Amino acid sequence: MTIDASQLYFILENTPASQNIMLVGKHGIGKSRILEDFFKARKEKVVTLFLGQMSDPGDLIGLPHLDEESGKTDFMLPYWFPTDGKPLVLFLDELNRARPEVLQTVMDLTLNRKLAGKALPEGSRIISAVNGGSEYQLTELDPALVSRFNIYEFAPSVEDWLNWASSAAIDQRIINFISENPEYLDSDTAALDNEGLSRSPDRRSWERSSQIIKNFENLGAQELALVSGILGDQAASLFFRFTNDRKIPTAKAILCQGIDKDCLKKLSLTQLTFVNESLFRYIEALYAPGKENSDSEKIAKELEAYFDYILQNMPKELSSHFVSLCSAEQTPNTLNLITEKCPSLYKKLLDFVTEA
């Protein structure tokens, strides 16, 4: 069974620390980021070890040395090993890229929670990630090692990524593009080979592109050449064409600066539906649990002004779509904002449903 991000969160919350978890999925889909963010929120330390980069078991268990008191060989603790007695989350990335001799060391770790005779603190977790697919150079895993893990195929949805992207301040132009072209989030269409090298977009490359284009208000030929090396020629060209040809207002602009009526009038119903979704997605990320925002009253007021405008000037389908997005299950943070800061908007939503 393939799981998405919300299902992974449930699994992490309900799997005992004594049971190991293995995530199978493509590179660049956010496995390590999701794990780090999840356990960081729980104030649990995460140590990530890239096993594919280890050339010797000593990189994992530490180097041998002579104990002068006992006269026996002992192993120096590796840099990551906890000495404070507090449990940690040990994330073994690239497990199926590790050398066979490194995997033999992992066997004892996953079964007994020990490395060279030294035990991990009680309550420590072990989670691994492996790349699945014939395009990778992989090491075949021993069935005895595989049996020590609960195995899940992880494929986070596009919606998972869009929600994360809003909270992580990914450039809104990228969010707009992926919302309307989800097939380009993890595209298998590679750029032209260059001596065996190819480039196609993935979630990691969109994040890197965001870090670059946020410095440029306008995207031209120079910026295209820069981003093509991250996304590949095809995806970069389509993204630039989309961005330069279609001026869709961002959720942040609408909620912080007010609606641009002239701009909204030029959009198609499909584009306006996207604007609806981007507003809710933006508010959900902005008011996620643990986050504070002093502009809540202004944002609620602008959201009401937007709804008033589409209710009076746009096809009824658009207002229906807006109302359908507002639910305790789908957008709880937005619903809380409306009921607490703008009860007049909440009444309008109820009236709309009653009259429909």
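Residues numbered from 1 in each chain as written. Predicted model: local features only at pLDDT ≥ 70, side-chain atom pairs only at ≥ 80, totals over all residues. Heavy atoms only, no water.

Asks: When you look at the overall build of the chain in this model, what are you seeing that I'm missing?
Replies: Broken down by element type, the chain carries 17 helices and 10 strands. Dimensions along the principal axes, computed over C-alpha positions, put the chain at roughly 85 × 50 × 35 Å. Residues counted as buried form 45% of the 356 residues belonging to the chain. Nonlocal contacts in the chain, meaning residues at least 24 apart in sequence, comprise 71% of its contacts between residues at least 6 apart. (Helix = DSSP H or I, 4+ residues; strand = E, 2+ residues; numbered from the N terminus. Buried < 20%, exposed > 50% of the residue type's maximum accessible area, 1.4 Å probe, protein only. Contact = heavy atoms within 4.5 Å.)

Asks: Teacher, can you tell me more about the packing of aromatic side chains here?
Replies: Each aromatic ring pair is characterised by the separation of its centres together with the angle its planes make. Scanning the entire structure with this criterion turns up 13 aromatic pairs. Aromatic pair Phe177 and Tyr184: ring centres 6.0 Å apart, planes at 50°, arrangement tilted. Ring plane angle 35° and centroid distance 5.0 Å describe the contact between Phe307 and Phe322, whose orientation is recorded as tilted. Of this pair, Phe307 sits in helix H14 (residues 296–313) while Phe322 sits in helix H15 (residues 316–325), placing them 15 residues apart in sequence. (Phe/Tyr/Trp six-rings, centres within 6.5 Å; stacked < 30°, edge-to-face > 60°.)

Asks: I keep staring at the sheet that holds strand E3 (residues 46–50) and nothing clicks. Help me out?
Replies: The strand order across the open sheet formed by 6 strands is E1-E10-E2-E9-E6-E3, and the pairing between neighbours is parallel. Of all strands in the sheet, those bounded by a partner on one side alone are strand E1 (2–3) and E3. In this sheet, strand E10 (residues 149–154) lies alongside E1 in parallel orientation, the contact comprising 2 bridges. Each bridged residue has a counterpart across the sheet, and for Thr2 the counterpart in E10 is Glu153. (Pairing = 2+ DSSP bridges.)

Asks: Just to check I follow, could you spell out the pairing of E10 for this structure?
Replies: On a regular strand, one side chain projects to one face of the sheet and the next to the other, so that they alternate. Sheet topology note: the strand E2 (residues 20–25)/E10 ladder contains 5 bridges and is parallel. Within the sheet, the bridge partner assigned to Val24 lies in E10 and is Glu153.

Asks: What exactly am I supposed to notice about the pattern of salt bridges here?
Replies: Side chains that differ in sign of charge can pair as their charged atoms come close. Per the counting criterion, the structure on display carries 9 salt bridges. Glu44 serves as the salt-bridge partner of Arg42, at 2.9 Å between the closest nitrogen and oxygen. With a closest N to O distance of 2.9 Å, Asp186 and Arg203 form a salt bridge. Note that Asp186 is positioned in the loop between helix H7 (172–180) and helix H8 (203–213) and Arg203 in helix H8, a separation of 17 residues in sequence. (Salt bridge = Lys/Arg side-chain N within 4 Å of Asp/Glu carboxyl O.)

Asks: Any chance you could explain the state of the cysteines here in plain terms?
Replies: Two cysteines, two sulfur atoms, one covalent bond between them: this is a disulfide. For the structure shown, the criterion picks out 0 disulfides. Here Cys263 stays free of any disulfide, with the sulfur of Cys256 as its closest cysteine sulfur at 16 Å. By relative accessible area, which is 17% here, Cys263 ends up buried. (Disulfide = S-S within 2.5 Å.)

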